[in-house]
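# Working through the structure, step by step
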Amino acid sequence: MNPAPAADLLITNAYLVLESQPASAAERAGGITDVESAQDAGREIDGGWLAIAAGQVHSAGRMGQPMPEAARTLDAGGRLVTPGLVNTHHHMYQNLTRAYAPAVNGTLFQWLTTLYPKWARLDQESVYLSTYVAAAELLTGGCTTSSDHMYVHPVPELIDAQFQAVSDIGFRFMANRGSMTRSVEDGGLPPKEVVQDEDTILADSERLIKTYHDSSPGAMTRVALAPCSMFSVSESIMRSTAELAEHHDVRLHTHLAEDTDEDDYALEVYGCRPVEYFEDCGWATPRSWVAHYVYGSAAENARLAAAGVGATQCPSSNMIICGNAADAKTLRSLGMSVGIGCDGSASADSADLWLETRTALLLGRFRHGPDSFTAREALNMATQGSAANLGWADEIGHLNPGACADLVIWSSAPLSQTGVLTDPVEGWLRSGPARAHTVFVNGVERLSQGQLQLPGLEDAVLGHREAAAAMQN
């Protein structure tokens, strides 16, 4: 009797990126390129194979080395294979108001006050549909794990609808239980219809953690706690949420230093800068990662990095609304984990992590010079940096044996890779656009040859169109 295959799937004939790191300064000084460094260290394999078993990376090697027997073999056709990209900041429900004309040219605060009344119409069905569409869109751009910051709660159990949607798709997901307590009547920005009282917020946070948070290896769902921002929540909910996260050992997330208007608001209301308020509320811990973080001072950057706080750069969204973005290179040089987020689909108006990763590359070079930031550094942000933001760095963001089998076989637009002969990673990010050819999440094929393997997609798109029309009136 023949023994059972050791692997479920064997991917062959690939340019494998097991983990993304640029060459060291010493290597560069010696004339060693990023691609040479990566191949010499075994981080990248030209002409490689990768085996998957039970939802994990089983093994990897180069063609010619012994390969395990597998139930199925997939020829990658020489394409680039990377870890799945990880999205660390999103507001999925906002794809119901993409490019909403009355809001497209406003500042952050103007944009919010225009759209809050629309978002007050959210219900479980529209949240399910918007989450389904967002996760499907993310898959096509090579994203296999996403967090989502749901902070608008006009009705209960909206996050339950999100978990149902990602479960139906088979997408790895961290729900950020957002909250707002300060309406316009209390000196905040949102209308009364979308805020909640503190007891309701804390009780629902506990319920969601107990129901959906899975701390075990290979988990598909986790929960973080995420008061929206200093101008929409009370100081007491900031402090209570930090205590609750410590009690249940979950992550903390919020917006911070996103816009210059935030500085003015913090000084007027709290008598200090936003980062000082964040620290005073007990949030400067390794449990926290913050969205945007555009306007921190040099001293504040150093303090948050030393405290272990991570940050998410949202390149497109910040340039559309704020006119600037987090200085990822400087923050990384301080030892801070910096990930990438596409942010809300009503600000960035897309959910394409390849696009955001490329834009992170361009921003780094634009700000610091042509030799300052490489494609591998940008890919590192979108994989290992993002995984660290979510507290998931041991399992996702790389393809070393034992990692979750979340990976992407990439395909580029016709002709765009013509002439790319010396560095497939730089070519992939510089010479796009690139789209996912095949995507595996937890070892299961969710996108095949550019086609989503989602039976409910057509119905979800039709339902989403109706929900969006109703919300936009």
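Look a little higher up for the structure.
A short tour of the structure in this document, coming up.

Cut-off values and rules
Residues numbered from 1 in each chain as written. Predicted model: local features only at pLDDT ≥ 70, side-chain atom pairs only at ≥ 80, totals over all residues. Heavy atoms only, no water. Core = buried A, V, L, I, M, F, W, Y, C linked by side-chain atoms within 4.5 Å. Buried < 20%, exposed > 50% of the residue type's maximum accessible area, 1.4 Å probe, protein only. Helix = DSSP H or I, 4+ residues; strand = E, 2+ residues; numbered from the N terminus. Expected span 1.5 Å × (residues − 1). Contact = heavy atoms within 4.5 Å. Axes fitted to C-alpha atoms, helices over the stretch in contact; angles between N-to-C directions. Parallel < 35°, antiparallel > 145°, perpendicular 65-115°, else oblique. Left-handed = near helix turned anticlockwise from the far one by under 90°. Nonpolar A, V, L, I, M, F, W, Y, C, P; charged D, E, K, R; others polar.

### Quick notes on the nonpolar core
Judged by nonpolar contacts, the single largest core of 113 residues is most densely connected at Leu112, Trp119, Leu122, Tyr151 and Tyr293. At eight residues, the largest contribution of residues to this core is made by helix H4 (residues 124–140). Of all hydrophobic cores here, the second largest spans 18 residues; its members include Ile11, Ile45, Leu50 and Leu407.

### Some words on helix H5 (residues 158–169)
The end-to-end C-alpha distance of H5 is 17 Å, a good match for the 16 Å that twelve residues give at a rise of 1.5 Å each. With nine of its twelve residues buried, H5 lies for the most part within the structure. Of the residues making up H5, those classed as buried are Leu158, Ile159, Asp160, Ala161, Gln162, Phe163, Ala165, Val166 and Ile169. Against the buried residues of H5 lie H4, strand E7 (143–150), strand E8 (172–179), helix H6 (198–212), strand E9 (221–227) and strand E16 (444–448).

### Let's talk about the packing of H4 against H5
Where H4 contacts H5, the two axes come as close as 8 Å, and the packing angle between them is 40°. Classified by the angle between their axes, H4 and H5 sit oblique to one another. Crossing geometry of H4 relative to H5 is assigned as right-handed. In contact with Gln124, Val127, Tyr128, Thr131, Tyr132, Ala135, Ala136 and Leu139 of H4, H5 contributes Leu158, Ala161, Gln162, Gln164, Ala165, Val166, Asp168 and Ile169. For the contact of H4 with H5, the class distribution of residues is eleven nonpolar, four polar and one charged.

### Here we look at unusual backbone geometry
In this structure, Pro433 follows Gly432 across a cis peptide bond, with omega equal to 5°. Position of Pro433 among the secondary structure elements: in the loop between helix H15 (424–430) and strand E15 (434–441). In this structure, Tyr293 is a non-glycine residue whose phi angle is positive, near 45°. You can see Tyr293 is positioned in the loop between strand E11 (288–292) and helix H10 (298–307). Despite not being glycine, Asn473 has its phi angle at roughly 60°, a positive value. Structurally, Asn473 is set in the segment after helix H16 (457–472).

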